[in-house]
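Fold and geometry: a report
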Amino acid sequence: MKEKKIYICSECGYVSPKWMGKCPDCGRWNTFEEETQRPSAVRSAPPSRTAVSFGTVSAGRLKSIKTNSNERIITGIPEYDRVMGGGIVKDSVSIITSPPGGGKSTLALNIANKTAEQGLKVLYASGEESDSQIKNRADRILDNINENIWILSTISMNAVLDGIEKIDPDIIIADSIQTFALEEFYPARAGNPTQTMECAGALVQAAKGGERPRAVIIIGQMNKNDELAGLRALEHLVDTVLIMEGDSQDELRSLYASKNRFGSTGEMGFFSMTEKGLISIENPSEYFMTRRAKGEAVSGSALTVVREGSRPIICEIESLVSKTFMAYPSRIGEALRREQLNTLISILEVRCGIKLYDKDIVIKITGGLKPREQSVNLAVLMSIVSSFADKPIQNDTAFIADVGLTGELKKVPAVESRIRELARMGFSNVYIARSEGNIKKPEGINVYEMKTIKEVIISLFGSY
């Protein structure tokens, strides 16, 4: 059959018979790439490989189907296992993505070594780094490189599939999927949407095809919009999509699942990037708060409890309020949206009579945590009031509540588990919204139920 040229959008996969400057589907400019479509080459089986047969398949009762989803590989990296839902399912396909320098390759190498120590065979295929580069990183971050790790540096997915057949690994790591290409889809280059999807599909087949289950971990590149590069269909193809956040200059790295067929998507893991690689932060409450001795409280600091997945975490909100010398005061919130910060400041001005129109306000959360819920709002307001009045809040006091536009405190979910975390960490006082039901209060901690933000301020400072 005659060759046919088509153009594919590298962002969304839209196919056009001719080149266009702007994609009509996703609206991006200059994303179309030329590809030569060869029907005969696509339909034929790869050399030395058996063609896929779509034979007759009979239906079976769902109740009688045997599953192995509970057979997990515990890597020994606590924060990674938590996000995965208790470890790696043996016939699963996961993809990890992060900005450049985020630590995804470092995490993958740690996973490889930890699982190899359990006697599992690991094939680490890299299309980005040479054997020596991978070995240099391993020497730096691993105390002892296990013999069960095989390294394959190539951009040929055909070579990777051959390596899987020869080595018969339990875990396959492909770093990164956008660098691999299958010969039968030449001349489409690596990174082309067709090549990326076909290479990922070949790895899925290696994991789930046949009676030999294998776990596959794919490293994926991230685009400038902080999204997984390539077609959206890539996310639908895999079982788990893990996103690692954190600037390459920061010590903190956070890992969460935007998709997880075998666990919750709400769990988050925390790591500290050190010279020895990623270290799990197993007690985040210690990491995200500043421990000060009794009597060393400073103004502008307030503590709260956020929930990341099923885990409550104590974090510290710091505020700095100073007189502005500009026509318009600056409002800087490193972990808060500007609209959210301006709304909270307006509540203080209108409902509490605190004049901040001529004040610069800077908000920071210790450790670089970026909370995704509104339970921090009361603590944010109290840290601003503390800095404005230059009156410190005692180190054993925390605040857990949202604040409405009326100045009233609003209840937040799972308040009891948050209070238990405060009691575990030795806190004495916590301010929450007034509750209609009975809250189980742990011993050793005083729970103050307040109706408005003004009541909380008066209770702490008397006047301001």
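Bear in mind that the values here come from a model prediction, so they are computed numbers and not experimental data.

Reading the values: rules and limits
- Residues numbered from 1 in each chain as written.
- Predicted model: local features only at pLDDT ≥ 70, side-chain atom pairs only at ≥ 80, totals over all residues.
- Heavy atoms only, no water.
- 1 Å grid on protein atoms, 1.4 Å probe; cavity = no way out; pocket = protein on both sides within 12 Å on 5 of 7 lines; lining within 4 Å.
- Points joined across faces, edges and corners; volume = space filled by probe spheres on them.
- Helix = DSSP H or I, 4+ residues; strand = E, 2+ residues; numbered from the N terminus.
- Nonpolar A, V, L, I, M, F, W, Y, C, P; charged D, E, K, R; others polar.
- Axes fitted to C-alpha atoms, helices over the stretch in contact; angles between N-to-C directions.
- Parallel < 35°, antiparallel > 145°, perpendicular 65-115°, else oblique.
- Left-handed = near helix turned anticlockwise from the far one by under 90°.
- Contact = heavy atoms within 4.5 Å.
- Phe/Tyr/Trp six-rings, centres within 6.5 Å; stacked < 30°, edge-to-face > 60°.
- Buried < 20%, exposed > 50% of the residue type's maximum accessible area, 1.4 Å probe, protein only.

In this approach a probe as big as a water molecule rolls over the atoms, and the regions it shows empty are the leftover space. Of the voids in this model, the second largest pocket is the one considered here, and its volume is about 540 Å³. Along its surface, the second largest pocket is lined by 26 residues, and E245, G246, D247, G368 and K370 are the ones closest to its centre. Those elements that place two or more of their residues in the lining of the second largest pocket are β11 (240-245), β12 (252-260), β13 (268-274) and β18 (359-365). For the lining of the second largest pocket, the class distribution of residues is twelve nonpolar, four polar and ten charged.

Here we take up the packing of helix α9 (residues 338-352) against helix α10 (residues 377-389). When two helices pack together, their arrangement is captured by the angle between the axes and the distance separating the axes. Between α9 and α10, the shortest axis-to-axis distance is 10 Å and the interhelical angle comes to 60°. By the criterion of interaxial angle, the relationship of α9 to α10 is oblique. Two packed elements cross with a definite hand, and for α9 against α10 that hand is right-handed. Across the interface between the two elements, Q340, L341, L344, I345 and L348 of α9 pack against N377, V380, L381, I384 and V385 of α10. Taken together, the residues of the contact of α9 with α10 sort by class into eight nonpolar, two polar and no charged.

Cis geometry is found at the peptide bond from D175 to S176, where omega equals -10°. Considering the arrangement of structural elements, one finds S176 in the loop between β9 (171-175) and α6 (193-208). For D390, which is not glycine, the phi dihedral falls at a positive 55°. You can see D390 is positioned in the loop between α10 and β19 (397-400).

For any pair of aromatic rings, the description consists of the separation of the ring centres together with the inter-plane angle of the planes. Overall, the coordinates contain four aromatic pairs when judged by the stated rule. With 5.3 Å between their ring centres and 70° between their planes, F270 and F288 make a pair best called edge-to-face. One end of the pair, F270, is in strand β13; the other, F288, is in the loop between α8 (284-287) and β15 (301-308), and 18 residues separate them in sequence. Residue class for F270 comes out buried when judged on its relative accessible area of 0%. Owing to a relative accessible area of 0%, F288 belongs among the buried residues under this scheme. Ring centres of Y431 and Y448 lie 5.0 Å apart, and the angle between their planes is 25°; this geometry places the pair in the stacked category. Placement of Y431 in strand β22 (residues 429-433) and of Y448 in strand β23 (residues 446-450) is noted, with a sequence separation of 17 residues between them. Overall, Y431 belongs to the buried group, its relative accessible area being 5%.

In short, shape yes, function no, at least from these values alone.
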